[in-house]
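Here's the letter readout for the chains.
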Amino acid sequence: MLMLAVYKRVSRSIEGARDGRWQAPAKTGRYGQLFELTHKTVGIVGVGHIGSLVARRLRGFETTTLYHDVRALPPDIERELEVTRVPLDELLERSDIVTAHMPLNSATRGMFSSREFNLMQPQAIFINTCRGPVHDEDALIAALSNGDIRAAGLDVTEVEPTPADNPLLNMENVIVTPHIAGSTEERVDRALEFSYGNARRVLNGDKPLSPGGYPGLSQPRPCSSHPAF
């Protein structure tokens, strides 16, 4: 959603439709260009449960999809998802879109900082829907202001709720949503079904699935990613 919203400047389009300026807010100014997701190069950092689902959905947009993960996916899964594993620096340098999908820990805190944003292309956009502190917010603001990267779509911020004076909230090339990616009725139903199913498995003497927690609730399933992920 955020990839498309940033490329199509959806928030500015809504403003124009509401106040009578129509297409002008979306198509004028420094960032007054609209783009398609189709055929772009997307770099996924972290292909655990969530990252792999993102890769699966990107196939419909015919993207060139790269991924960075310390452990490689099995070859058959790579073929199914149509993804190619590359080093992080190569992913940053080649991608039109960089999207982060890892849990927050000592290894991933501040993983995206000035060095990483400087490696990205000037037309690239950064997407973060995992945990806010994975990116260094000051470095991200500087990269967006200096034109080191084109735009960002964020469902998470370093501090939540983010302060009203956070510069990201008023930047023309940024879309911020209030950490709602997983806040759906369907997800709650899945979490309950998973929890009751796990309880039933334990009562029957079987091992629970994903003992670290429901994979779609609080953290990716521990099936791949960075060794510290």
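Residues numbered from 1 in each chain as written. Predicted model: local features only at pLDDT ≥ 70, side-chain atom pairs only at ≥ 80, totals over all residues. Heavy atoms only, no water.

- Under an unreviewed UniProt entry, the name given to the protein chain is Glyoxylate/hydroxypyruvate reductase B, and the source organism is Geodia barretti.
- The UniProt entry for the protein chain carries this comment under Sequence similarities (unreviewed entry): "Belongs to the D-isomer specific 2-hydroxyacid dehydrogenase family." (UniProt positions renumbered as here; feature names shortened; annotations may be inferred.)

1. A closer look at the overall build of the protein chain
Phase 1 of the analysis: The secondary structure content of the protein chain amounts to nine helices and seven strands.
Phase 2 of the analysis: For a compact globule of 229 residues, the expected C-alpha radius of gyration is about 17 Å, and the protein chain comes in at 19 Å, within 12% of that figure.
Phase 3 of the analysis: Seen along its three principal axes, the alpha-carbon backbone of the protein chain occupies a region of about 65 × 35 × 35 Å.
Phase 4 of the analysis: Here the protein chain, with 229 residues, has 45% of them falling under the buried criterion.
Phase 5 of the analysis: Contacts spanning at least 24 positions in sequence make up 61% of the contacts within the protein chain whose residues lie at least 6 apart.
Phase 6 of the analysis: Summed over its atoms, the accessible surface of the protein chain is roughly 12,100 Å², and 53% of this surface lies on carbon and sulfur atoms. (Helix = DSSP H or I, 4+ residues; strand = E, 2+ residues; numbered from the N terminus. Rg over C-alpha atoms; globule rule 2.2 N^0.38 Å. Buried < 20%, exposed > 50% of the residue type's maximum accessible area, 1.4 Å probe, protein only. Contact = heavy atoms within 4.5 Å. Areas by Shrake-Rupley, 256 points an atom, 1.4 Å probe, with all protein chains shown as cover.)

2. Examining the pairing of strand 4 (residues 97-100)
Phase 1 of the analysis: Burial along strand 4 is two-sided: Ile97 and Thr99 and Val98 and Ala100, pointing in opposite directions, are all buried.
Phase 2 of the analysis: Summarising the sheet, strand 1 (residues 41-45) and strand 4 pair through four bridges and their orientation is parallel. Considered in strand 4, the bridge of Gly43 is made with Val98.
Phase 3 of the analysis: With four bridges connecting them, strand 4 and strand 5 (residues 125-128) associate as parallel partners. In the strand pairing of strand 5, Val98 is matched with Phe126.
Phase 4 of the analysis: Handedness of the crossover joining strand 4 and strand 5 through helix 7 (residues 114-119): right-handed. (Pairing = 2+ DSSP bridges. Right-handed = clockwise from strand over helix to strand, strands pointing away.)

3. Here's the deal with empty space enclosed by the protein
Phase 1 of the analysis: By the definition in use, this model includes one cavity of 30 Å³ or more.
Phase 2 of the analysis: Approximately 160 Å³ is the volume attributed to the largest cavity.
Phase 3 of the analysis: Elements supplying a minimum of two residues to the lining of the largest cavity: helix 1 (2-8), helix 2 (10-19), strand 6 (151-154) and strand 7 (174-176).
Phase 4 of the analysis: Ranked by residues supplied to the lining of the largest cavity, first place goes to helix 1 with three residues. (1 Å grid on protein atoms, 1.4 Å probe; cavity = no way out; pocket = protein on both sides within 12 Å on 5 of 7 lines; lining within 4 Å. Points joined across faces, edges and corners; volume = space filled by probe spheres on them.)

4. So, the UniProt feature "domain: D-isomer specific 2-hydroxyacid dehydrogenase NAD-binding" (unreviewed entry) in the protein chain
Phase 1 of the analysis: This chain's UniProt record puts "domain: D-isomer specific 2-hydroxyacid dehydrogenase NAD-binding" (unreviewed entry) on residues 1-181.
Phase 2 of the analysis: In this annotation, residues 1-181 is assigned 34% helix and 15% strand; the end-to-end C-alpha distance for the span is 9 Å.

5. Description of the pattern of salt bridges
Phase 1 of the analysis: For the structure shown, the criterion picks out eight salt bridges.
Phase 2 of the analysis: The partner of Asp19 in a salt bridge is Arg21, and the shortest N-O contact between them spans 2.7 Å.
Phase 3 of the analysis: On the basis of relative accessible area, Asp19 is assigned to the partly exposed category, the value being 44%.
Phase 4 of the analysis: Taking the shortest distance from any N to any O, the salt bridge between Glu80 and Arg56 comes out at 2.6 Å. Note that Glu80 is positioned in helix 5 (residues 75-81) and Arg56 in helix 4 (residues 49-58), a separation of 24 residues in sequence.
Phase 5 of the analysis: Residue classification places Arg56 among the partly exposed positions, given a relative accessible area of 33%. (Salt bridge = Lys/Arg side-chain N within 4 Å of Asp/Glu carboxyl O.)

6. Things to note about the sheet that holds strand 1
Across a sheet, strands are paired by hydrogen bonds formed along the backbone, either parallel or antiparallel in direction.
Phase 1 of the analysis: Spatial strand order, 3-2-1-4-5-6-7: seven strands in an open sheet with parallel pairing. Across the chains shown, the open sheet's two edge strands, defined by having one partner strand only, are strand 3 (83-85) and strand 7. Averaged over all pairs of adjacent strands, the angle between their axes in this sheet comes to 20°, without regard to strand direction.
Phase 2 of the analysis: When strand 1 meets strand 2 (residues 64-68), the two strands line up parallel, connected through five bridges. Counterpart to Val45 in the pairing with strand 2 is His68.
Phase 3 of the analysis: In the packing of helix 8 (residues 137-146) onto the sheet, contacts are made with strand 5, strand 6 and strand 7, and the angle to strand 6 comes to roughly 145°. (Axes fitted to C-alpha atoms, helices over the stretch in contact; angles between N-to-C directions.)

7. Here we look at a negative patch on the surface
Phase 1 of the analysis: Taken together, the side chains of Glu185, Glu186, Asp189 and Glu193 make up a negatively charged region of the molecular surface.
Phase 2 of the analysis: Mapping Glu186 onto the fold places it in helix 9 (residues 185-203). (Patch = residues over 30% accessible without salt bridge, like charges linked within 9 Å, V, L, I, M, F, W, Y side chains within 5 Å. Lys, Arg positive; Asp, Glu negative; His and termini not counted. Charge placed at Lys NZ, Arg CZ, Asp CG, Glu CD.)

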